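As a plain string of letters, each chain reads:
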Amino acid sequence: MDFPKFLLGDNTDYPTAIFVVHTEFPRFIINLENDDVEWLEDFDQHDQKELEIEAESLIQQATDFYDREISRYEE
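Rules and cut-offs
- Residues numbered from 1 in each chain as written.
- Predicted model: local features only at pLDDT ≥ 70, side-chain atom pairs only at ≥ 80, totals over all residues.
- Heavy atoms only, no water.
- Helix = DSSP H or I, 4+ residues; strand = E, 2+ residues; numbered from the N terminus.
- Contact = heavy atoms within 4.5 Å.
- Areas by Shrake-Rupley, 256 points an atom, 1.4 Å probe, with all protein chains shown as cover.
- Lys, Arg positive; Asp, Glu negative; His and termini not counted.
- Charge placed at Lys NZ, Arg CZ, Asp CG, Glu CD.
- Phe/Tyr/Trp six-rings, centres within 6.5 Å; stacked < 30°, edge-to-face > 60°.
- Buried < 20%, exposed > 50% of the residue type's maximum accessible area, 1.4 Å probe, protein only.
- Pairing = 2+ DSSP bridges.

Trainee: I tried to follow the overall build of the protein on my own but got confused; where do I start?
Mentor: Scanning the protein for helices and strands turns up 1 helix and 4 strands. Secondary structure elements of the protein, listed N to C terminal, follow the sequence β-β-β-β-α. Across its three principal axes, the protein shows a C-alpha extent of roughly 45 × 25 × 25 Å. Across the protein, every contact between residues at least 6 apart in sequence was considered, and the portion connecting residues at least 24 apart equals 28%. Of the roughly 5,800 Å² of accessible surface on the protein, 47% is carried by carbon and sulfur atoms. Between the centroid of the 5 positive side chains of the protein and the centroid of its 21 negative side chains there is a distance of 7 Å.

See the structure below:
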């Protein structure tokens, strides 16, 4: 099954949280309420350097995805 690169998620146990799930490597979930990121991968030292380079861009892409999705609801 193919998944989109990003998915929105919510949970009634966290009523104010908005989650964006990144489904491609490196997989992560970001809580946009407080910008907490949970990485769903195990990284070695080599991966850590690549992650540092990519993390800021991926998190910005996740935020942009959320903004785009919300703007579509508002239309």
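Trainee: So what exactly am I meant to see when it comes to the packing of aromatic side chains here?
Mentor: Working definition: an aromatic ring pair is given by the centre-to-centre distance plus the angle between the planes. Per the stated rule, a full pass over the model turns up 5 aromatic pairs. Measuring from centroid to centroid gives 6.1 Å for Tyr14 and Phe19, while their planes differ by 90°, and the two rings are edge-to-face. Residue Tyr14 is classed as partly exposed on the basis of its relative accessible area, which comes to 49%. Using a relative accessible area of 18% as the deciding quantity, one classes Phe19 as buried. Measuring from centroid to centroid gives 5.9 Å for Trp39 and Phe43, while their planes differ by 80°, and the two rings are edge-to-face. Owing to a relative accessible area of 24%, Trp39 belongs among the partly exposed residues under this scheme. An aromatic cluster of three or more residues is present, and its members are Phe25, Phe28, Trp39 and Phe43.

Trainee: Would you take a moment to explain the pairing of strand β3 (residues 28-31) for this structure?
Mentor: For a regular strand, side-chain orientation follows a simple rule: the groups alternate between the two sheet faces. As defined by bridge partners, strand β2 (residues 19-22) adjoins β3 across 4 bridges and the pair is classed as antiparallel. Looking at the pairing, Val20 lines up with Ile30 of β3. Connecting the antiparallel pair β2 and β3 is a turn made up of 5 residues. Relative to strand β4 (residues 36-39), β3 is paired through 4 bridges, and the arrangement is antiparallel. Opposite Ile29, over in β4, you have Glu38 as the bridge partner. The hairpin formed by β3 and β4 contains 4 residues between the paired strands, and Asp35 there has a positive phi angle of roughly 65°.

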